[in-house]
Amino acid sequence: MAGLLSGACSAAAAAVSVWANACLATCSLLVYGRMPRRFYTPAAAGDRLWAAASHALSYAAVLAVAVLVGAACAARALLRRVVRGGPAPPPERLLRGLPPSRWLEHSSVKIRNIKLHYVSAGRRSRRLVLFLHGFPEFWYSWKEQLREFAKTEWVVALDLPGYGDSDGPRRSAQYSPDRLTPLLQEFIASLGRQQCVLVGSGHGALLGWHLVASAPHTFTDFISISQPLPHITLDVLHNSLHHKAKQWRTFLYQLPWLPEQLIGTGDLDVLTHEYGDLVKRGRMSADDLRAYQFAFSRAEDWHGPLNHQRCLFAAANGRPPPGRLAVPCLLLFGRRDGSLPVDAMYRSLPHLQQADVRLVDDAGRHIHIERPDQVNDALRDFIGVSFLDDSSEDEEDGDGLAPAAGRGLVVRALEGGQGWLGAGGAIYNRAMQRLNNAAAVGQLYTRSVMMLKD
């Protein structure tokens, strides 16, 4: 009897093992087309087949680890539910910490039957600066940049398709950069501008690279945060097992259906993983974290973001690296960001005609959230924000952005974000202008007196 029971247990274990291996092999085949690889160089058929097989095995191993870790996280969340007696209560919407609504305008536009939600601030007569967020973020992640640059620019932060209040396509293939690039180009045209400054973080920067490559005449400057050129990212993940392990969640997100279930079961642990350390270190407030939890509180809130993740690599696979892009580019990278090596940003420079790399100390992947002052300073230096004399423009209501009538030059300069140095320079320039005008009037008067004498 004992032998029969032992044999039955062995047979059951073997069946479970075969079933698990079959599921893993099926998942590997399903997502292999989405994995990072570089097959644009000519190679013999045998070499290509061997490379494909070896990479499929390596990604199968990474997927296996990712699934196990994800299952462990889901089990821990289920245990918390049992102890708590139910799921976590839905987060409430907190308006504290949001930019004041008196100067922040929410708008939407429908393009290709997709509603795109965006927020804007500043005067429409000024230069347009467009912000594209990363994962898992929405327009709110740019609140400090909106607050700062609305003083001198017209700033727009877009909810990417599938995020926040923007609609998303139903099929995951429609989230590829090749599909979203023309959509974003039409969005810029809908704002009534032919050119703008583009700022992207993470996946938004990845879309930015595609935009800059496809329509370089549309962008005067491009700032990429934590994202090198796409083929550089492919090379790193293609050749480095260490960085594959660092981005195990990205590989897990390539699977269909399962990531949504794990995130739903895990009580939004993915947000705690992304931002919990920032809250502990005082780089993000608890209210800010609750705002993200509210934005991603429903199961359908993750469908679009995860489909973005599933199309990260497919659009760049099999493509040669781009030629030298003519758009001036600034690459920002946090020194504490372990998802990619620091030299990945510098490896992008040979493909750019005008570019600069700046490292932000004591910051990880979300440096625009962690170190907004340093990021704002770098953006201001790069795009050349200058003091604007808005006396000829229509004065806006007292929103704290436009200079009100009757305010002095120093106050206007300080509100323009230039500080005491900018105020001193503006006073000096105005004084010199008045001296030159006085000299011109004096010369005219002298010339008129001499003509009368003659």
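Above this note sits the structure.
Everything numeric here is computed off the predicted structure, so don't read it as measured data.

What follows covers the pairing of strand 5 (residues 196-201). Taking burial as the measure, the six residues of strand 5 include six buried ones, the bulk of the element. Across the two faces of strand 5 the burial is the same, with Cys196, Leu198 and Gly200 and Val197, Val199 and Ser201 all buried. Taken together, the four bridges between strand 3 (residues 128-132) and strand 5 define a ladder with parallel strand orientation. Among the inter-strand pairings, Leu132 is bridged to a residue of strand 5, identified as Gly200. As defined by bridge partners, strand 5 adjoins strand 6 (residues 219-225) across six bridges and the pair is classed as parallel. Within the sheet, the bridge partner assigned to Val199 lies in strand 6 and is Ile223. In this region the chain leaves strand 5, passes through helix 5 (residues 203-214) and returns to the parallel neighbour strand 6; the handedness of that crossover is right-handed.

A few words on unusual backbone geometry. Omega for the bond connecting Phe135 with Pro136 falls within 30 degrees of zero, at -10°, which places this linkage in the cis form. With respect to the helices, strands and loops of the structure, Pro136 is situated in the loop between strand 3 and helix 3 (143-149). A positive phi angle, close to 65°, is found at Asn113, a residue other than glycine. Looking at the element boundaries, Asn113 is found in the loop between strand 1 (105-111) and strand 2 (114-121).

One side chain can pair with another of opposite charge once the charged atoms of both are near each other. Summed over the entire model, instances satisfying the criterion amount to 24 salt bridges. For Arg365, the salt bridge is made with Asp337, and the minimal N-O distance between the two is 3.4 Å. In this pair, Arg365 sits in the loop between strand 8 (355-360) and helix 14 (367-370) while Asp337 sits in the loop between strand 7 (329-334) and helix 13 (343-346), placing the two residues 28 residues apart along the sequence. Exposure remark for Asp337: the relative accessible area of 7% places this residue in the buried category.

The rules behind these values
- Residues numbered from 1 in each chain as written.
- Predicted model: local features only at pLDDT ≥ 70, side-chain atom pairs only at ≥ 80, totals over all residues.
- Heavy atoms only, no water.
- Buried < 20%, exposed > 50% of the residue type's maximum accessible area, 1.4 Å probe, protein only.
- Helix = DSSP H or I, 4+ residues; strand = E, 2+ residues; numbered from the N terminus.
- Pairing = 2+ DSSP bridges.
- Right-handed = clockwise from strand over helix to strand, strands pointing away.
- Salt bridge = Lys/Arg side-chain N within 4 Å of Asp/Glu carboxyl O.

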